[in-house]
Amino acid sequence: MSNALASMTGYARAGGRVEGAAFACEVKSVNGRGLELRLRLASGFDALEAEIRRRVGRALSRGSVTISLEVSRDTGGGEIALNRQALELVMATIEELSHRIEAQAPRLDGILGLRGVLVEKPQPMGAAGEEALHGAILAAIDQCLAGLVEAREAEGDHLRAVIMARLDEIAALTDAAERHPARGREAILARLKLQLAELAEAGVALSEERLLQEAILLATKADIREELDRLSAHVAAARELVRQGGPVGRKLDFLAQEFNREANTLCSKSNAVELTAIGLDLKAAIDQLREQVQNIE
């Protein structure tokens with residue numbers, strides 16, 4: 001499998017012919033939690049299913065994939081056969097209508113000329129011909145899969161740019177939170193003094209030990225050092241995954257969830273309106289990131 005970043009969405013088609021038959025196959029894929037394969041094979045080609053599944057598993061690791069195969073066998077020079085079921089249906093309809101409508105009975109050549117009453121059997125291909133047809137179909141499946149991978153990687157290049165832009169935005173917001181004055185010692189002390197003044201005005205007397213506990217609690221609640229460190233680490237990890245490429249969609253989705261967890265905690269610990277606003281901007285950027293990484297294989 002390629003190390004390029006790939007989406008899970010793509011389409012490809014291929015076809016061909018051998019002596020006695022023509023065929024066409026198409027492959028399309030959309031987002032999926034794992035590798036899910038649906039086969040719609042022409043009648044009589046179920047024997048190819050196991051080999052097709054093996055080839056898909058070798059080319060792809062994730063996505064909901066549908067493969068369709070149509071086969072048209074040559075009929076020129078083949079035997080003409082009577083479709084008795086179709087003939088009986090026609091005769092029954094003629095019998096029913098004869099009691100309701102006065103009309104001249106249809107001629108035999110007219111009945112036999114109705115579509116489906118006479119069918120032309122395909123020319124027999126023989127064992128060697130069938131083997132050649134199966135081999136050509138599998139080659140076309142490989143061609144489709146190669147085209148699908150190329151299409152998914154082309155979409156992945158676009159997603160790479162979008163994801164990196166979101167990661168840059170998250171890094172910039174993390175840096176803005178890091179440098180925000182509300183995280184400084186002076187801001188925390190000012191907040192503590194304000195709360196103490198409010199308690200004094202309310203006539204609430206606190207022991208020195210209790211005051212120390214309140215100060216520690218306030219400082220701890222306002223400390224977002226761990227959240228900022230983890231956000232920076234997650235940005236670095238996500239950038240490395242995007243650089244590596246390959247089937248990294250699950251890992252990127254997990255990181256997006258971790259990003260969201262840290263942003264939520266940052267908002268809950270915020271001791272300033274501006275810092276809360278940064279946290280909300282972080283959540284918006286993270287939501288956009290996760291929306292994109294869920295398209296990655």
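Refer to the structure printed above.
All chains use their own residue numbering, which begins from 1 and follows the written sequence. Selection of residues for local features in this predicted model requires a pLDDT of at least 70, selection of side-chain atom pairs for listing and counting requires 80 or more, and totals for whole chains, interfaces and linings are taken over all residues. With hydrogens and water stripped out, all remaining heavy atoms of the structure feed into the side-chain values.

Turning next to empty space enclosed by the protein. Here a cavity denotes a set of grid points, spaced 1 Å apart and computed over the protein atoms alone, in which a 1.4 Å probe fits but from which it cannot get out, and a pocket denotes an open set meeting protein on both sides within 12 Å along at least five of seven lines; residues with an atom within 4 Å of a point are reported as lining. Grid points are joined across faces, edges and corners, and a volume is the space filled by probe spheres set on the points. On inspection of all chains with the given rule, the structure shows one cavity of 30 Å³ or more. What the largest cavity holds in volume is close to 30 Å³. Lining the largest cavity, in full, are I163, L167, A238, L252, L255, A256, F259, L289 and V293. In this description a helix means any DSSP run of H or I spanning at least four residues, a strand means any run of E spanning at least two, and both kinds are numbered starting from the N terminus. Among the elements of the structure, helix 4 (126-179), helix 8 (249-269) and helix 9 (273-293) are those that each provide at least two residues to the lining of the largest cavity. Considering each element in turn, the lining of the largest cavity owes the most residues, four residues, to helix 8. Side-chain classes follow a simple rule in which Ala, Val, Leu, Ile, Met, Phe, Trp, Tyr, Cys and Pro form the nonpolar group, Asp, Glu, Lys and Arg form the charged group, and the remainder, Gly included, forms the polar group. Residues belonging to the lining of the largest cavity are distributed by class as follows: nine nonpolar, no polar and no charged.

The next subject is the sheet that holds strand 1 (residues 10-18). The four strands are arranged 1-2-4-3 in an open sheet whose pairing can be described as mixed. Of all strands in the sheet, those bounded by a partner on one side alone are strand 1 and strand 3 (35-40). Between one strand and the next, the sheet's axes are offset by a mean angle of 15°, whatever the strand orientation. Whether two strands pair depends on DSSP finding at least two bridges between them. By the bridge criterion, 10 bridges tie strand 2 (residues 21-30) to strand 4 (residues 63-73) in an arrangement that is antiparallel. Across the sheet, the residue bridging to K28 is T66, located in strand 4. The contact criterion used throughout is that any non-hydrogen atoms of two residues lie within 4.5 Å. Every angle, taken between N-to-C directions, lies between 0 and 180 degrees, and every axis is a line fitted to C-alpha atoms, over only the stretch in contact when it is a helix. Against the sheet, helix 1 (residues 49-59) engages strand 3 and strand 4, with an angle of about 145° to strand 3.

Another aspect to go through is the pattern of salt bridges. Throughout this description, the term salt bridge denotes a Lys or Arg side-chain nitrogen within 4 Å of a carboxyl oxygen of Asp or Glu. By the definition in use, this model includes 20 salt bridges. With a closest N to O distance of 3.7 Å, E227 and R230 form a salt bridge. With E227 and R230 both in helix 7 (residues 225-244) and three residues apart, the pair spans about one turn of that helix. Classification of E227 by relative accessible area gives buried; the value is 4%. Three labels apply to residues, based on accessible area from a 1.4 Å probe with only protein chains included: buried if under 20% of the type maximum, exposed if over 50%, partly exposed otherwise in between. By relative accessible area, R230 is classed as partly exposed at 32%. The network of salt bridges with shared partners includes E226, E227, R230, E262 and K269.

Bringing a nonpolar patch on the surface into the picture now. Together, I80, L82 and L118 line one region of the surface with nonpolar side chains, adding up to about 260 Å² of accessible area. Along the chain, the position of I80 falls in strand 5 (residues 80-82). Look at I80 and you get exposed, because its relative accessible area is 58%. Here the term patch refers to residues with relative accessible area over 30% and no salt bridge, with like charges joined within 9 Å and nonpolar side chains (Val, Leu, Ile, Met, Phe, Trp, Tyr) within 5 Å. Each accessible area is a Shrake-Rupley estimate made with a 1.4 Å probe; only the visible protein chains count as cover when residues are assessed.

All right, on to the packing of helix 4 against helix 9 then. Contact geometry of helix 4 with helix 9 gives a least axis separation of 9 Å together with a crossing angle of 165°. In terms of axis orientation, helix 4 runs roughly antiparallel to helix 9. The crossing of helix 4 and helix 9 is left-handed. Packed against helix 4, whose contacting residues are L159, V162, I163, R166, L167, E169, I170, L173, T174, A176 and A177, the element helix 9 presents L275, I278, D281, L282, A285, I286, Q288, L289, Q292 and V293 at the interface. Here the residues of the contact of helix 4 with helix 9 sort into 15 nonpolar, three polar and three charged. Each angle receives one of four descriptions, namely roughly parallel if under 35 degrees, roughly antiparallel if over 145, roughly perpendicular if within 65 to 115, and oblique otherwise. Handedness of each helix crossing follows the sense of rotation of the near helix against the far helix: counterclockwise by less than a right angle gives left-handed, clockwise gives right-handed.

These values are about where atoms sit, not about what they do.
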